[in-house]
Amino acid sequence: MEYDVLERLLTIMKRLRDPQTGCEWDVAQSFETIAPYTIEEAHEVADAIARGDMADLKDELGDLLLQVVFHAQIAEDLGHFTFQDVVASISDKMERRHPHIFGDATEGGHHLWEEIKAEERRAKAAGGTLDGVAQGLPALMRAEKLQNRAARVGFDWPDAEGPRAKIDEELQEIAEATPDTVEEEFGDLLFAIVNWARHHGIDAEVALRKGNQKFERRFRSMEDEAGESFPALDLEAKEALWQVVKRRGG
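Residues numbered from 1 in each chain as written. Predicted model: local features only at pLDDT ≥ 70, side-chain atom pairs only at ≥ 80, totals over all residues. Heavy atoms only, no water.

## A closer look at the nonpolar core
- Counting 9 residues, the largest nonpolar core consists of Leu6, Leu10, Met13, Ile34, Val69, Phe70, Ala72, Ile74 and Phe83.
- Residue assignment for this core shows that the elements contributing at least two residues are helix 1 (3–16) and helix 4 (54–77).
- Here this core gets 4 residues from one element, more than from any other, and that element is helix 4.
- Counting residues in each nonpolar core, the second largest holds 6 residues, with Ala226, Phe230, Leu241 and Val245 among its members. (Core = buried A, V, L, I, M, F, W, Y, C linked by side-chain atoms within 4.5 Å. Buried < 20%, exposed > 50% of the residue type's maximum accessible area, 1.4 Å probe, protein only. Helix = DSSP H or I, 4+ residues; strand = E, 2+ residues; numbered from the N terminus.)

Here it is in C-alpha cells:
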C-alpha cells in the first residue's frame, strides 16, 4: 500500500474524531465501545476467507484496518501512542522474532518463534504460565491456548486417553448437577472436549465452525426440499428430510 493511500485513511479518522468538527458518534467512542466491532470485523475476514470471496475479503480487510486506525487515533487523542508507534512496534517485533532473516541466527522456524515469544513474556513481567492469553478470544480457541500453555510446563495428559476419560467423567457430573452447578459442569465438559481434540491435532474452533457450516448447509437443503410447508412439518417428517439430505452428502 502506498503511503499516501494510508495517510488518506489516517486523515479521515483524525477528522472524524475532531471534537469540534468531527462525527458525533466517532468522537463519543472509546477503546471499550469499539472493541466488539474489532472482534466482529476479524470474524468477517475469516468468513470471507472460508467462502473464498476475494472481493468481500478486500472489503473486510479494509474494515479491519479501520479498526486498527480507530484504536490508534483514540490512543493518540489520549496521549498514549500514535499509529506510527503501532507500525514501528510490530515492525520491531517481526524483525526480532525472525533473527534467521533479519539477524545472525542460522536456523528459524516455529520453534524459535515460540522461544522468542516466551522470552518476551518473561521480559514483560514475572507472571504465570497462563498470563497473556487474551480474555477476548473465542472460548474454544482460548481453551486450547490455555491447555497448550499448561502442557509446556508438563501439566498435560500423556495421550488422548486421558481427556477422553475426562469427558465421561464430566458427562456424569452433568447428570448429577444441580440447577446452580449445571452451567459450570457444561463448561468443564466443553473444556475436556477441546483437550481431546487437541490431543488428536484438531483445532476445536475450526472443527466447530465447519460443523456449523455443515448444519447450515443441510438445514437450508431441507427447507429447499420441503418449500413453504417446512415449518408446518412435524419433527418426524423433518428428521426424515434431514436423513435424505445427509445421504445425498449435503
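## Thoughts on the side chain of arginine 142
- Among the secondary structure elements, arginine 142 is positioned in helix 8 (residues 139–152).
- Within the buried core, arginine 142 has no salt-bridge partner, and the shortest N-O distance to an opposite charge, that of aspartate 131, equals 8.3 Å.
- When near neighbours in sequence (up to four residues on either side) are disregarded, arginine 142 contacts Val133, Ala134, Gln135 and Leu137. (Lys, Arg positive; Asp, Glu negative; His and termini not counted. Salt bridge = Lys/Arg side-chain N within 4 Å of Asp/Glu carboxyl O. Contact = heavy atoms within 4.5 Å.)

## Quick look at helix 5 (residues 83–96)
- Between its terminal C-alpha atoms helix 5 stretches 20 Å, which fits the 20 Å expected from 14 residues at 1.5 Å a residue.
- Its side-chain oxygen 3.3 Å from the backbone nitrogen of glutamine 84, threonine 82 forms the N-cap of helix 5. (Expected span 1.5 Å × (residues − 1). Polar contact = N/O pair within 3.5 Å; in protein donor to acceptor, adjacent residues only side chain to side chain.)

## Overview of the packing of aromatic side chains
- In the structure shown here, the tally under the stated rule is 5 aromatic pairs.
- Both rings, one in phenylalanine 219 and one in phenylalanine 230, keep their centres 5.4 Å apart while their planes meet at 85°; by these two values the pair is edge-to-face. Residue phenylalanine 219 is located in helix 11 (residues 204–226), and its partner phenylalanine 230 is located in the loop between helix 11 and helix 12 (235–247); the two are separated by 11 residues in the primary sequence.
- For phenylalanine 230, a relative accessible area of 5% gives the class buried. (Phe/Tyr/Trp six-rings, centres within 6.5 Å; stacked < 30°, edge-to-face > 60°.)

## Some words on helix 12
- The terminal C-alpha atoms of helix 12 lie 18 Å apart, and with 13 residues this matches the ideal 18 Å at 1.5 Å per residue to within 8%.
- Looking at helix 12, one finds that the buried residues are Lys238, Leu241, Trp242 and Val245. For helix 12, the angular spread of buried residues about the axis comes to 105°, placing them on one side. For helix 12, the exposed residues lying more than 90 degrees away from the buried face are Glu236 and Arg247. (Arc of directions from axis to C-beta.)

## Some points on the pattern of salt bridges
- By the definition in use, this model includes 11 salt bridges.
- With its nearest N and O atoms 2.9 Å apart, the salt bridge here joins aspartate 168 to arginine 164. Of this pair, aspartate 168 and arginine 164 both sit in helix 9 (residues 161–175), 4 residues apart, which is roughly one turn of that helix.
- Judged by relative accessible area, arginine 164 falls into the partly exposed class, the value being 31%.
- Among the ionic pairs, lysine 166 bridges to glutamate 170, the shortest N-O distance being 3.6 Å. With lysine 166 and glutamate 170 both in helix 9 and 4 residues apart, this pair spans about one turn of that helix.
- Residue classification places lysine 166 among the partly exposed positions, given a relative accessible area of 28%.
- A single salt-bridge network, built from bridges that share partners, covers Asp47, Arg51, Asp53 and Asp56.

## Some details on the packing of helix 8 against helix 10 (residues 182–199)
- In the contact formed by helix 8 and helix 10, the axes pass within 9 Å of each other and the chain directions differ by 65°. Every pair of crossing elements has a handedness; the one defined by helix 8 and helix 10 is right-handed. Residue-level inspection shows Leu140, Ala143, Glu144, Gln147, Asn148 and Ala151 of helix 8 in contact with helix 10, the latter providing Phe191, Val194, Asn195 and Arg198.
- The residue inventory of the contact of helix 8 with helix 10, partitioned by class, reads 5 nonpolar, 3 polar and 2 charged. (Axes fitted to C-alpha atoms, helices over the stretch in contact; angles between N-to-C directions. Left-handed = near helix turned anticlockwise from the far one by under 90°. Nonpolar A, V, L, I, M, F, W, Y, C, P; charged D, E, K, R; others polar.)

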